[in-house]
Every structure is written in C-alpha cells, then in structure tokens.
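Residue-level structure breakdown
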Amino acid sequence: AEEALRQAQKMEAVGQLTGGIAHDFNNLLTIIIGNIDTVLRRFDSGGDPRARRSLENALKGAERAASLTQRLLAFSRRQPLDPKTVDVDRLLAGMSDLLTRSITESIAIQIVADDDLWPVEADPHQLENVILNLAVNARDAMPGGGTLTIAARNVELAEEGPDGAPPGQYIAISVTDTGIGMSADTVARVFDPFFTTKEVGKGTGLGLSMVYGFAKQSGGYIAIDSEEREGTTFTLYLGRKTDRGGDSFESPGAQGAVAG
Ligand code: ADP
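- Looking at an unreviewed UniProt entry, one finds the protein named histidine kinase, with Sphingomonas immobilis as its source organism.

Below is the structure:
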C-alpha cells in the first residue's frame, strides 16, 4: 500500500509538470504544423524541390513532436476518459489489423477470449491504446521473433488479487511475450515515468506509466509476471460492469448504453 501511494504521488507530480508543458507545446506545434502545411500546399504547383523537401522534413519532425506531446498529455491525464460499456472480445477483434501492422512478421500473434466475456466499463479508445502499448513493448522484447498472446478471460477473485485488487469479478486482459523478460530491478521500476531501458529516441518511458494511470483511473489493477530470458505477462484487471448505477447495459431502453 505504501508503495502504491509513493507511485501515485510520483505520478501526480510528474503528471502535473508534464501536463502543463505538453499542453503549451501542443498548441505551439499546432501553429507550426498548420503553417508548414499551408506553405506546402502552395508548393503543389511547382517551386524549388529542395525547399519543398526541407519543409516536408520539418513537417515530419513537428508531427513526431506532436505525437510525443499527445502521449505526454495522455500520461498526465489531461485527456479525460470517456467510459463506455465495452465488449473486450469485440474490441480485441477490431484491433487485429492494427496489431498485425504494428508487430513484426517474425512474431506470431494470438488473440484469445473467453466465450461470454463479461462487459467492462472503460474508455474504449484509451483501452485500445493501453493494449497497443503493451503489445509494442512485447514486440520490442522479442527482437529475434516469438509469440505475442493477448488473452481476455473472466476471473472470479476469492481473495485479494494482484496489485491489491479486492475480491470480486474481473475481466483480465493479459499480454504475454516470449521475449527477454525483466530483472526484479526492472520490474520494480517499469511504471515509473521516464523509466526506459531503450535507446534514446526509441523509448520515452511513458508507455507503462500511462498504462498504470489508466488502470487506476478505471478502477483497475495491473499485475506483472516476468522471467528473464523466458518472457513477460502484463495483466490488466478491470472490474465487471454491473447493472448498478445509471446506465445499465441490461435493462432494456437504458439511455447511454453503448456496447463496444
Ligand atoms: P518505453 O517502452 O518507452 O521504454 P515503457 O514505460 O513502456 O517505456 O516501458 C519501460 C521499460 O519497461 C522498457 O524500457 C523495458 O525495459 C521494460 N519493459 C516493458 N515491457 C516489457 C516487456 N514486455 N519485456 C521486457 N521489458 C519490458
């Protein structure tokens, strides 16, 4: 519990700081990208090809910067969550193309889900983002190829579960790789903002902080199971959506009940 509190405080402090900076940068980058775009459009009808190439490079750089500030904003939770009733099975099926495109050919992708998976209440867009983040980390952990398994199952916890999850009904979404695994030291630090073992330019160290933030904000829990040279499993536990509270998915005619 103390560890969780320390983590939460650290996240809060770094989140405040980066959120403020990222917000300003995002606005500035919007101006830069907009202006380069306008000039490039003028070039469409000809002009100096070298100047054009320089502008295109500037645009690419600015867009990369914008995508980084987007990630910073997501991490600092300035992007509010928009929770809906989510059918995880359908969400995973819908991600299959995206995953194939993001994961190298030498990695086999398996997606498995329980029949009659319980619904969860979560922001579907952010949940996709979280799963993609975990999948890309899994890919990076398997430079020589391997298997990426994404599994969703119903879990009934009789006692306290991982990360202090109280007993109850959960949907567990796990992302497993057969990669390099992590040392105990690394496991202890993975959720720290800006902790990365990747080369400069490849890793920001924000992916898992964002995943952690999402789990907490969605009332969920996250577990790590990792063995060096064997592989890693990250499991996200999200509470089963019950029909208590306003927008029941079960009662017919309920307002705002959106599946998937
Ligand atoms: P980044 O991917 O930008 O480094 P993350 O917060 O997503 O940032 O991950 C932090 C670190 O955790 C990674 O640099 C890596 O050392 C470790 N890590 C995350 N996922 C895995 C994995 N599936 N296998 C091995 N190490 C991992």
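1. Here we look at the overall build of the protein
- Helix and strand content of the protein: seven helices and seven strands.
- Across the protein, helices and strands are ordered from the amino to the carboxyl terminus as α-α-β-α-α-β-β-α-β-β-α-α-β-β.
- Counting only C-alpha atoms, the protein reaches 70 × 50 × 40 Å along its principal axes.
- Expressed as a percentage of the 260 residues in the protein, the buried residues total 29%.
- A separation threshold of at least 6 residues defines the contact pool for the protein, and within that pool the share at least 24 residues apart is 73%.

2. Considerations on the confidence of the model for the protein
- Taken residue by residue, the protein gives an average pLDDT of 86. The fraction at 70 or more is 91%.
- Contacts of residues 245-260 to residues separated by more than four positions or lying in other chains number 25 contacts, the stretch itself having pLDDT below 50.
- Across the assembled chains, the prediction reports ipTM 0.99 with pTM 0.76.

3. Focus on the sheet that holds strand 6 (residues 221-227)
- If you walk across this open sheet you meet the five strands as 2-4-5-7-6, and the pairing is mixed. Because the sheet does not close on itself, it has two edges, and the strands there are strand 2 (107-113) and strand 6. Strand-to-strand twist of the sheet, defined as the mean angle between neighbouring strand axes without regard to direction, takes the value 15°.
- Both strand 5 (residues 168-177) and strand 7 (residues 231-239) contribute to a ladder of eight bridges, which runs antiparallel. Each bridged residue has a counterpart across the sheet, and for I171 the counterpart in strand 7 is L238.
- Packed onto the sheet, helix 5 (residues 124-140) meets strand 2, strand 4 (146-157), strand 5 and strand 7 and runs at close to 35° relative to strand 5.

4. What about the site of the ligand?
- In the vicinity of the ligand lie 21 residues, with A141, T196, G203, G207 and L208 positioned nearest.
- Where the shell around the ligand is concerned, the elements lending two or more residues are helix 5 and helix 7 (207-217).
- Per-element tally for the shell around the ligand: the top contributor is helix 7, with three residues.
- The residue makeup of the shell around the ligand, split by class, is eight nonpolar, eleven polar and two charged.

5. Structural notes on the packing of helix 5 against helix 7
- Direction vectors running N to C along helix 5 and helix 7 enclose 140°, while the axes themselves pass 10 Å from each other. As helix 5 runs across helix 7, the sense of the crossing is left-handed. Contacts between helix 5 and helix 7 involve Q126, V130, N133, L134 and N137 from the former and G207, M210, V211 and F214 from the latter.
- Residues of the contact of helix 5 with helix 7, tallied by class, amount to five nonpolar, four polar and no charged.

6. Quick notes on the nonpolar core
- In this structure, V88, I131, L134, I171, V211 and L236 are the most contacted members of the largest nonpolar core, which totals 42 residues.
- Once residues lying within four places of it in the same chain are set aside, the contact partners of I131 are M95, I150, I173 and V175.

7. Section: helix 5
- With 17 residues, helix 5 extends 24 Å from end C-alpha to end C-alpha; this agrees with the ideal 24 Å at 1.5 Å per step.
- Looking at helix 5, one finds that the buried residues are P124, Q126, L127, V130, I131, N133, L134, A135, N137, A138 and R139.

What counts and what doesn't
- Residues numbered from 1 in each chain as written.
- Predicted model: local features only at pLDDT ≥ 70, side-chain atom pairs only at ≥ 80, totals over all residues.
- Helix = DSSP H or I, 4+ residues; strand = E, 2+ residues; numbered from the N terminus.
- Buried ≥ 20, exposed ≤ 12 C-beta atoms within 10 Å, placed from the backbone.
- Contact = placed C-beta atoms within 7 Å.
- pLDDT = per-residue confidence, 0-100.
- Pairing = 2+ DSSP bridges.
- Axes fitted to C-alpha atoms, helices over the stretch in contact; angles between N-to-C directions.
- Near = placed C-beta within 6 Å.
- Nonpolar A, V, L, I, M, F, W, Y, C, P; charged D, E, K, R; others polar.
- Left-handed = near helix turned anticlockwise from the far one by under 90°.
- Core = buried A, V, L, I, M, F, W, Y, C linked by C-beta atoms within 7 Å.
- Expected span 1.5 Å × (residues − 1).

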